[in-house]
Amino acid sequence: MEMQRPRGTADLLPGQVEDWQRLEAIVTKILSAANYQEIRTPIFEHTELFERGVGDTTDIVSKEMYTFEDRGQRSVTLRPEGTAGVVRAYVENKLYGTGTVSKLFYYGPMFRYEKPQKGRFRQFHQYGAEVLGSEKPAIDAEVISLSLRILVGIGLKNLTVELNSVGCSVCRPVHRALMVERLTPHKDELCQDCQNRLEKNPLRLFDCKNDRCQAILRDADVPYIVDVLCDDCRTHFDAVQRYLKVMDVPFRLEKGLVRGLDYYTRTAWEITSPGFTTIAAGGRYNGLVEEIGGPPTPGIGFAGGIERALWVLGEQGGTLRSSERLDAFVAVADEGGEGTAMVVLETLRGRGIRADRDYQGRSLKSQFKLADRLQARYVVVIGESELQSGKATVKNLDDGEQREIPFPQLADEIEQGIR
RNA sequence: GUGAGUGUGGCGAAGGGGUUAACGCACCGGAUUGUGGUUCCGGCAUUCGUGGGUUCGAUUCCCAUCACUCACCCCA
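Since the structure is predicted, the reported quantities are computational estimates derived from the model, not experimental observations.

## Some words on the environment of Val-379
With respect to the secondary-structure elements, Val-379 resides in strand E14 (residues 378–382). For Val-379, the residues in contact, after removing those within four places along its chain, are Phe-329, Ala-331, Phe-368, Ala-371, Thr-393, Val-394, Lys-395 and Leu-397.

Below is the structure:
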């Protein structure tokens, strides 16, 4: 039987890889300009890190983790997201000891045991940024701005930043209790999913697409959390919005927005484009560092899906690829030209000129066809007669002009021609 | 995890229980002597995801399995 790749994984073929490289270059450039530095953490971590960090009631931890026992009977897990690992590294390496704000970014594969569909894989890739050590609303605004700037930089259109605040350890429990109190009497009327949500994460009720559930929510007069924030959260959130406006970062208040991970506090946002799922998302996580064993340290970050960004880009007709032409194609006219052709190739390549030849024994005519397909600028023909005259036959495929150039000047001429 | 659909050459796609599995694109070769496009000619699936079953006979029917797609859950 033919070998197949594991479900939900993908091969990145030549051509696609170029998009990825360019995307990563854009991310690096934008984040570097804001003084963020790259960090690389392991692709797998102790299972406990995610159970504690991401939260064991979340779907990610409860049913989507790639967890294994290694040969030392330790339970390890392929990381399902990037934040937990970065925060762990921050704590373990005592980066908080620098006394400054840590601004970090990363790329890499993430793993979630899910049923694959469009824009959803078991191994997928994210870029992301994390800022540890500041709870200033201004940093929220900076991070949100950057998360959008990257997508714009990649070339995506019709982007929307959906913004919300999900409160903190002070106001969220109060709101949660209120929801449970008002909705429990109507529990039986809710859809099965919402009944579960009521127990696990009542905030999610706002996400339900079921009209009946939404009606019940209205009738029960259940407030959105953003409308009942404690004073500190209110003040913080107002400031974030104020800065965003000043910075001219467009956003839309989305009171029903909830993020899936337990660690989010206060600011939460998602970036979407009509007709697609979320492309990037982020939020503040003020309790996470402490949860993982570090000193109380506020944090905020976001992650973007590389496959998703590239998918949307492709659907919108964009690409990061530029047509890569071949500078010179060396055509071998006969056996006698073989050796010299190799010498010429070495010379051209040594100068950084992109050059190639045929290795399948094609006829000269076919070699020209191949050169045409590779969009070569020049074809250098080498055979017995060229060796006799000491001049290579060089044809410019763009204008069809053909000349004889002495071998010693060949590389110079081509170098000039491709500029 | 739940529900539904799909699976034919590199790609797109027709077909249908029975001697040689359409077609298009791509690809390869040729159209007299060492040259690209177009056109023309020729070539290119012992085989219809995989395994099993029904049958005289299956790629066409059934079952299983794998993969993909869509919706839900959830999410980047």
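## Focus on the nonpolar core
Core analysis: the biggest nonpolar cluster contains 64 residues, and Tyr-36, Tyr-127 and Ile-154 have the highest contact counts within it. Per element, the largest residue contribution to this core is nine residues, and it comes from helix H5 (residues 137–154). Setting aside chain neighbours within four positions, we find Ile-154 in contact with Leu-23, Ile-26, Ala-309, Leu-313 and Leu-320. If you look at the next biggest cluster of nonpolar residues, it comprises 29 residues, including Leu-49, Met-110, Tyr-264 and Ala-268.

## Some remarks on the packing of H5 against helix H9 (residues 231–246)
At a closest axis distance of 8 Å, the pairing of H5 and H9 adopts a crossing angle of 45°. Considering their axes alone, H5 and H9 lie oblique with respect to each other. Crossing hand, H5 versus H9: right-handed. Residues Pro-137, Ala-138, Asp-140, Ala-141 and Ile-144 of H5 form the contact with H9, whose own contacting residues are His-236, Ala-239, Val-240, Tyr-243 and Leu-244. Residue classes in the contact of H5 with H9 are distributed as eight nonpolar, one polar and one charged.

## Description of the environment of Gln-16
Structurally, the position occupied by Gln-16 is in helix H1 (residues 16–33). Look at Gln-16 and you get partly exposed, because its relative accessible area is 33%. Separated by 294 residues in the primary sequence, Gln-16 and Leu-310 place their C-alpha atoms 9.6 Å from one another. In terms of polar contacts, Gln-16 uses its side chain to reach the backbone amide nitrogen of Leu-13, at 2.8 Å.

## Let's talk about the protein's contact with RNA strand B
Close contacts around RNA strand B come from 49 residues, with Arg-120, Arg-259, Gly-260, Val-381 and Ser-385 the closest. Backbone atoms, meaning sugar and phosphate, form 58% of the atoms of RNA strand B found within 4 Å of the protein. Within the side chain of Gln-126, an N or O atom sits 2.7 Å from a sugar or linking oxygen of RNA strand B. Contacts to RNA strand B include Arg-362, whose side-chain N or O atom sits 2.9 Å from a phosphate oxygen.

## Quick look at the layout of surface pockets
The space that makes up the second largest pocket amounts to roughly 490 Å³. Where the lining of the second largest pocket is concerned, the elements lending two or more residues are H1, strand E6 (123–132) and helix H11 (306–315). If you tally residues by element for the lining of the second largest pocket, the top one is H11, at six residues. Taken together, the residues that form the lining of the second largest pocket break down as seven nonpolar, eight polar and six charged.

## What to know about the pairing of strand E5 (residues 102–111)
Of all 10 residues that make up E5, 10 are buried, and the element is covered over most of its length. Direction of pairing for strand E1 (residues 37–38) relative to E5: parallel, over a ladder of two bridges. Bridge assignment links Glu-38 to a residue of E5, and that residue is Phe-105. The sheet contact formed by E5 and E6 spans 10 bridges and is antiparallel. Within the sheet, the bridge partner assigned to Phe-105 lies in E6 and is Ala-129.

Definitions and limits used
- Residues numbered from 1 in each chain as written.
- Chains lettered and ligands numbered in written order.
- Predicted model: local features only at pLDDT ≥ 70, side-chain atom pairs only at ≥ 80, totals over all residues.
- Heavy atoms only, no water.
- Helix = DSSP H or I, 4+ residues; strand = E, 2+ residues; numbered from the N terminus.
- Contact = heavy atoms within 4.5 Å.
- Core = buried A, V, L, I, M, F, W, Y, C linked by side-chain atoms within 4.5 Å.
- Buried < 20%, exposed > 50% of the residue type's maximum accessible area, 1.4 Å probe, protein only.
- Axes fitted to C-alpha atoms, helices over the stretch in contact; angles between N-to-C directions.
- Parallel < 35°, antiparallel > 145°, perpendicular 65-115°, else oblique.
- Left-handed = near helix turned anticlockwise from the far one by under 90°.
- Nonpolar A, V, L, I, M, F, W, Y, C, P; charged D, E, K, R; others polar.
- Polar contact = N/O pair within 3.5 Å; in protein donor to acceptor, adjacent residues only side chain to side chain.
- Near = heavy atom within 4 Å.
- 1 Å grid on protein atoms, 1.4 Å probe; cavity = no way out; pocket = protein on both sides within 12 Å on 5 of 7 lines; lining within 4 Å.
- Points joined across faces, edges and corners; volume = space filled by probe spheres on them.
- Pairing = 2+ DSSP bridges.

From the geometry alone we can't say anything about function, so treat these as descriptive.
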